[in-house]
Amino acid sequence: MRHILLVLAAAAAVVVAGAEPVLRQVTDFPTAVSSGVSDADALFCDSWRLSVETANAGPWRTVPARCGASVRAYMEGERYASDSAVAAAESLAFAAQAFASGVGGAMPAWVFDVDETLLSNAPYYAVSGWGLQEFNETSFDAWVDIAKAPALPSSLKLYNELQGLGFHIILLTGRSELQRNATEENLLFAGYHSWEKLILRYLPAATHVSNDYLFA
């Protein structure tokens, strides 16, 4: 199961990119399934999260108000860490099998995303209500510049294990080239090292960037 914050970041990126998606958000149960439910909010929010993770919900801007407590409990409780550990263990098992089979003697590579995969932006989202507030690119960029996002423990363990197997590590992120120094500093701060390449989002020379963006 993919983490809810990773989906939040991806959805926000679609909006910021100016794709002007049609936003839709179901706020209540269909009448046929709402009767007799002892905890309607919990059931709705589980179903909403599944819809988001399977990309059935389409682009969305905020977590439904009735799901704020559910998302907070997921992120601050044991479930998020458990989901991360299971995903990392399954990834390592796949990597070990792929490495053992070999492909023409070539050295294998592994591609990691950065935000909500290697680095956790949970401290930032906790302040902004775990998705109840609409994503603010300016404040998020300011958080990125601090370069203190912690590692996801299971991801750091997987990262080191893959390097131990001999994988070349490539990092891919939607962050812009303007954030390269902060991103590299943060990765080192969180315990990551010796990656092969860090690929960031290219900004064309003609792109106008305000001073507020540069020095947020």
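Residues numbered from 1 in each chain as written. Predicted model: local features only at pLDDT ≥ 70, side-chain atom pairs only at ≥ 80, totals over all residues. Heavy atoms only, no water.

### Points about the state of the cysteines
Here is step 1: In the structure shown here, the tally under the stated rule is 1 disulfide.
Here is step 2: A sulfur-sulfur distance of 2.1 Å marks the disulfide that ties Cys45 to Cys67. Looking down the S-S bond of the Cys45 and Cys67 bridge, the torsion is -95°, so its handedness is left-handed. Pair noted here: Cys45 is in helix H3 (residues 40–53) and Cys67 is in the loop between H3 and helix H4 (68–76), with a separation of 22 residues, a long-range link.
Here is step 3: Relative accessible area serves as the criterion here: at 4%, Cys45 is assigned to the buried category.
Here is step 4: Given the relative accessible area of 1%, Cys67 is considered buried. (Disulfide = S-S within 2.5 Å. Helix = DSSP H or I, 4+ residues; strand = E, 2+ residues; numbered from the N terminus. Buried < 20%, exposed > 50% of the residue type's maximum accessible area, 1.4 Å probe, protein only.)

### Comments concerning the packing of aromatic side chains
Here is step 1: Applying the stated criterion to the full structure yields 12 aromatic pairs.
Here is step 2: Here the aromatic rings of Trp110 and Phe167 are separated by 5.8 Å at their centres, their planes lie at 85°, and the arrangement is edge-to-face. Remark: Phe167 occurs in the loop between helix H8 (153–165) and strand S2 (168–176) and Trp110 occurs in strand S1 (residues 109–113); sequence separation between them is 57 residues. For the pair formed by Trp110 and Phe167, the shared burial category is buried.
Here is step 3: The structure contains a cluster of three or more aromatic residues connected by ring pairs, namely Phe94, Phe99, Trp110, Phe112, Tyr159, Phe167 and Tyr192.
Here is step 4: One Lys or Arg, Arg49, reaches over the ring of Tyr74 and ends 4.3 Å from the middle of that ring.
Here is step 5: Taking NZ or CZ as reference, Arg66 lies 4.3 Å from the ring centre of Phe44, over its face. (Phe/Tyr/Trp six-rings, centres within 6.5 Å; stacked < 30°, edge-to-face > 60°. Lys NZ or Arg CZ within 6 Å of the ring centre and 35° of its normal.)

### Focus on a nonpolar patch on the surface
Here is step 1: Residues Val111, Leu172 and Ile199 make up a contiguous nonpolar surface patch of about 250 Å² in total accessible area.
Here is step 2: Position of Ile199 relative to the elements: it lies in strand S3 (residues 197–201). (Patch = residues over 30% accessible without salt bridge, like charges linked within 9 Å, V, L, I, M, F, W, Y side chains within 5 Å. Areas by Shrake-Rupley, 256 points an atom, 1.4 Å probe, with all protein chains shown as cover. Salt bridge = Lys/Arg side-chain N within 4 Å of Asp/Glu carboxyl O.)

### Notes on the pattern of salt bridges
Here is step 1: Overall, the coordinates contain 8 salt bridges when judged by the stated rule.
Here is step 2: Linking Glu53 and Arg49 is a salt bridge whose minimum nitrogen-to-oxygen distance equals 3.8 Å. Of this pair, Glu53 and Arg49 both sit in helix H3, 4 residues apart, which is roughly one turn of that helix. The pair Glu53 / Arg49 is uniform in exposure class, with both members buried.
Here is step 3: Salt bridges linked by common partners bring Glu177, Arg180 and Glu184 together as one network.

### Focus on the environment of Leu171
Here is step 1: Secondary-structure assignment places Leu171 in strand S2.
Here is step 2: Its relative accessible area of 0% is what places Leu171 among the buried residues.
Here is step 3: When the C-alpha positions of Leu171 and Val114 are compared, they lie 6.7 Å apart, and in sequence the two are 57 residues distant.
Here is step 4: Beyond its immediate sequence surroundings of up to four residues, Leu171 is in contact with Phe112, Val114, Leu118, Tyr159, Leu187, Trp195, Lys197, Leu198 and Ile199. (Contact = heavy atoms within 4.5 Å.)

### Some points on the side chain of Asp83
Here is step 1: Mapped onto the elements, Asp83 comes out in helix H5 (residues 78–101).
Here is step 2: We classify Asp83 as buried; its relative accessible area is 13%.
Here is step 3: A polar contact is formed between the side chain of Asp83 and the side chain of Tyr74, at a distance of 2.8 Å. (Polar contact = N/O pair within 3.5 Å; in protein donor to acceptor, adjacent residues only side chain to side chain.)

### Here's the deal with the pairing of S2
Here is step 1: As paired strands, S1 and S2 are joined by 5 bridges and run parallel to one another. Considered in S2, the bridge of Trp110 is made with Ile169. (Pairing = 2+ DSSP bridges.)

### A few points about the confidence of the model for the protein
Here is step 1: Across the protein, the average pLDDT comes to 82, with 75% of residues at 70 or higher.
Here is step 2: Across the protein, the element-wise mean pLDDT spans from 33 in helix H10 (residues 211–214) up to 98 in helix H9 (residues 180–190).
Here is step 3: Every residue in residues 1–23 scores below 50 in pLDDT, and together they form 47 contacts with partners more than four places removed in sequence or on other chains. (pLDDT = per-residue confidence, 0-100.)

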